[in-house]
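# Fold and geometry: a report
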Protein chains: 2
Amino acid sequence: MIAIVNSERCNLDNPLSALPGYTLRRAAHAMMAELGLRLAPLGLRVADASVLLLIEGRADMTSAEIGRILDIQRANMVPLLARLEAAGLIERRALNRKSQAIVLAAAGKAAQDRLHRVIAQFEADLLARIAPEHRAHLVPALNALWTP
Amino acid sequence: MIAIVNSERCNLDNPLSALPGYTLRRAAHAMMAELGLRLAPLGLRVADASVLLLIEGRADMTSAEIGRILDIQRANMVPLLARLEAAGLIERRALNRKSQAIVLAAAGKAAQDRLHRVIAQFEADLLARIAPEHRAHLVPALNALWTP
DNA sequence: TTGTAATGCTATGGATAATAGCAACATGAT
DNA sequence: ATCATGTTGCTATTATCCATAGCATTACAA
């Protein structure tokens, strides 16, 4: 009984909302849906946006390296980069006869600017939903859950 | 510069790990993969487990009601419950000529006990990865992100 | 130079989830 | 009692994401 009272703001009709794993899943799902909606007007998917943010200011990252950092398989990088290239947002720049750097194209810079604004607003709105005393703890806690 | 120094424990090679949205996605993905591994020996998927936990001690919940709470479409409840029923973990009990309650079968009780142990260990291991000063803030912060 | 590993790619399959539609039934208002 | 409306459980289909396996080419190190 005391435990129920202490678990702040848990959904009365959902006994699972006290479980970190369950709340993590639900929060991530809600967040992704919302972010997807906000990125749609830019013609970007969430994975697309993460690539654009990652290659910011760099002209030496290969597809494989991007995938390694973002945890996207090389095979799945292919349609993703094809999409960005078809949209004129990125270009490929040969490093070797084997590797190629993914660099921002001219139109990509403008997209990146719009993206920065959307992301900044999104992250601000995200944090605003969290009670002030919890806010600063979220990112460190989450990073501890997936960083090796 | 100060911001970078202040953002504790951010992956040096991943500028996105300072973003709440990104860390949320990565943490949820890592968590789900780990949980899937731990549930596999029980022959359960994550969604299956959430249903078993939800109907605990209740004999009056319909498929539609379970789906409403767990945010699973009615159409997608069908194969899920068929799986649990084929495994002998649940039974259907007519409430109406239209509705039927999903109740735990005999074998389901044993599965639920095993499940409780796995979940308890899993949640404990999850929280153990988080620095003590952040721990208590995680669930409240996450719940704020998806609770209406 | 030769074995090993990495790159970029094709092809494919599994799992999840979203949509549309349907017959049967419940429910509340008239 | 009846009628409009909403709900239930289901079928069927589709989109999307993600994982695996395999392949030709190239880099790299012993």
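Described in the following lines is the structure provided in the data block. Residue positions are given per chain, counted from 1 along the sequence in the order it is written. To read the labels, note that chains go from A and ligands from 1, taken in the order they are written. With pLDDT at 70 or above as the cut-off, local features in this predicted model cover only qualifying residues; side-chain atom pairs require 80 or more to be listed or tallied, and sums for whole chains, interfaces and linings still use all residues. Excluding hydrogens and water, the side-chain values take into account all heavy atoms of the structure.

## A closer look at the overall build of chain A
Note on conventions: DSSP H or I runs of at least 4 residues are helices, E runs of at least 2 residues are strands, and numbering of each starts at the N terminus. Summing up its helical and strand segments, chain A has seven helices and two strands in all. Since a compact globule built from 148 residues should have a radius of gyration of about 15 Å, the 19 Å found for chain A marks it as more spread out than a globular shape. Seen through its C-alpha atoms, chain A measures out along the principal axes to roughly 65 × 30 × 25 Å. Relative accessibility under 20% of the residue-type maximum defines a buried residue, over 50% an exposed one, and the middle range a partly exposed one, all with a 1.4 Å probe and only protein chains included. Within chain A, buried positions represent 42% of all 148 residues. Once local pairs closer than 6 in sequence are excluded, the contacts in chain A between residues at least 24 apart make up 48%. The protein chains shown are the only cover counted for residues, whose accessible areas, like all others here, come from Shrake-Rupley with a 1.4 Å probe. Counting every atom, chain A has about 8100 Å² of accessible surface; 56% of that belongs to carbon and sulfur. Side-chain charges in chain A split into 18 positive and 14 negative, and the spacing between the mean points of these groups amounts to 6 Å. Radius of gyration: over C-alpha atoms. The globule rule applied is 2.2 Å multiplied by the number of residues raised to the 0.38 power. Between two residues, a contact is recorded if the distance between any of their heavy atoms is within 4.5 Å. The charge count treats Lys and Arg as positive and Asp and Glu as negative. His and the chain ends do not count. Charge positions are represented by NZ for Lys, CZ for Arg, CG for Asp and CD for Glu.

## A closer look at the relation of the copies chain B and chain A
A least-squares fit on C-alpha atoms brings the copies together, and the residues used are those whose pLDDT is at least 70 in both copies. After a rotation of 180° and a shift along the axis of 0.0 Å, chain B superposes on chain A with an RMSD of 0.1 Å. The superposition of one copy onto the other is thereby described by a two-fold rotation axis. Interface overlap between copies is the fraction of interface residues in one copy that are interface residues in the other; for chain B against chain A it reaches 100%, indicating a shared surface.

## Details of helix H3 (residues 46-54) of chain A
Buried residues dominate H3 of chain A, accounting for seven of its nine residues. Residues of H3 of chain A that are buried make contact with helix H2 (20-39), helix H4 (63-70), helix H5 (74-86), strand S1 (90-94), strand S2 (100-104) and helix H6 (106-128) of chain A.

## A look at the pairing of S1 of chain A
Residue and element names in this part refer to chain A. Where S1 and S2 come together, five bridges link them in antiparallel fashion. If you follow Arg-92 over to S2, its bridge partner there is Ile-102. The antiparallel pairing of S1 with S2 creates a hairpin that spans five residues between the two strands. Here, a strand pair is defined by DSSP locating no fewer than two bridges between the strands.

## Things to note about the protein's contact with DNA strand C
Any residue with a heavy atom positioned within 4 Å of a molecule or strand is treated as near that molecule or strand. Taken together, the neighbourhood of DNA strand C is formed by 20 residues, with Arg-25, Arg-68, Arg-74 and Gln-100 of chain A together with Arg-45 of chain B sitting nearest. For this analysis, a polar contact is any N or O atom pair within 3.5 Å, provided that within protein one partner can donate a hydrogen and the other can accept it, and provided that sequence-adjacent residues contribute only side-chain to side-chain pairs. Between Arg-74 of chain A and DNA strand C, the recorded distance is 3.2 Å, taken from a side-chain N or O atom to a base nitrogen. The contact in question runs from a base nitrogen of DNA strand C to an N or O atom on the side chain of Asn-76 of chain B, over 3.1 Å. For the surface near DNA strand C, the secondary structure elements donating two or more residues are H2, H4 and H5 of chain A together with helix H5 (74-86) of chain B. Any residue that is not Ala, Val, Leu, Ile, Met, Phe, Trp, Tyr, Cys, Pro, Asp, Glu, Lys or Arg is counted as polar, Gly included; the first ten are nonpolar and the last four charged. Of the residues contributing to the surface near DNA strand C, the split by class is four nonpolar, eight polar and eight charged.

## Here we look at the protein's contact with DNA strand D
Not every one of the 20 residues close to DNA strand D is listed here, only the nearest: Arg-45 of chain A together with Arg-25, Arg-68, Arg-74 and Lys-98 of chain B. Close to the protein, within 4 Å, the atoms of DNA strand D are drawn from sugar and phosphate at a rate of 60%. In the environment of DNA strand D, a base nitrogen lies 3.1 Å from a nitrogen or oxygen atom belonging to the side chain of Asn-76 of chain A. The side chain of Arg-74 of chain B places a nitrogen or oxygen atom 3.1 Å from a base nitrogen of DNA strand D. For the surface near DNA strand D, the secondary-structure elements that each account for two or more residues are H5 of chain A together with helix H2 (20-39), helix H4 (63-70) and H5 of chain B.

## Here we look at the interface of chain B and chain A
The partner chain A presents 48 residues to the 48 residues of chain B that form the contact. Summed over both sides, the interface of chain B with chain A buries roughly 4900 Å², with 70% coming from carbon and sulfur. When residues of chain B are sorted by the area they lose upon contact with chain A, Arg-26, Leu-145 and Trp-146 of chain B head the list and together hold 14% of the total. Salt bridges are defined as contacts in which a side-chain nitrogen from Lys or Arg sits within 4 Å of a carboxyl oxygen from Asp or Glu. Here chain B and chain A share zero salt bridges between them. Within the side of chain B that touches chain A, the residues separate by chemical class into 29 nonpolar, 11 polar and eight charged. Buried area is a sum: the accessible area each of two parts loses on coming together, probed at 1.4 Å, counted once for each and added.

## Quick notes on H6 of chain A
Each residue after the first adds 1.5 Å to the expected span of a helix. A rise of 1.5 Å per residue sets the reference length of H6 of chain A, with its 23 residues, at 33 Å; its end C-alpha atoms lie 34 Å apart and thus fit the reference within 8%. The inward-facing, buried residues of H6 of chain A abut H2, H3 and S2 of chain A together with H2 and helix H7 (132-146) of chain B.

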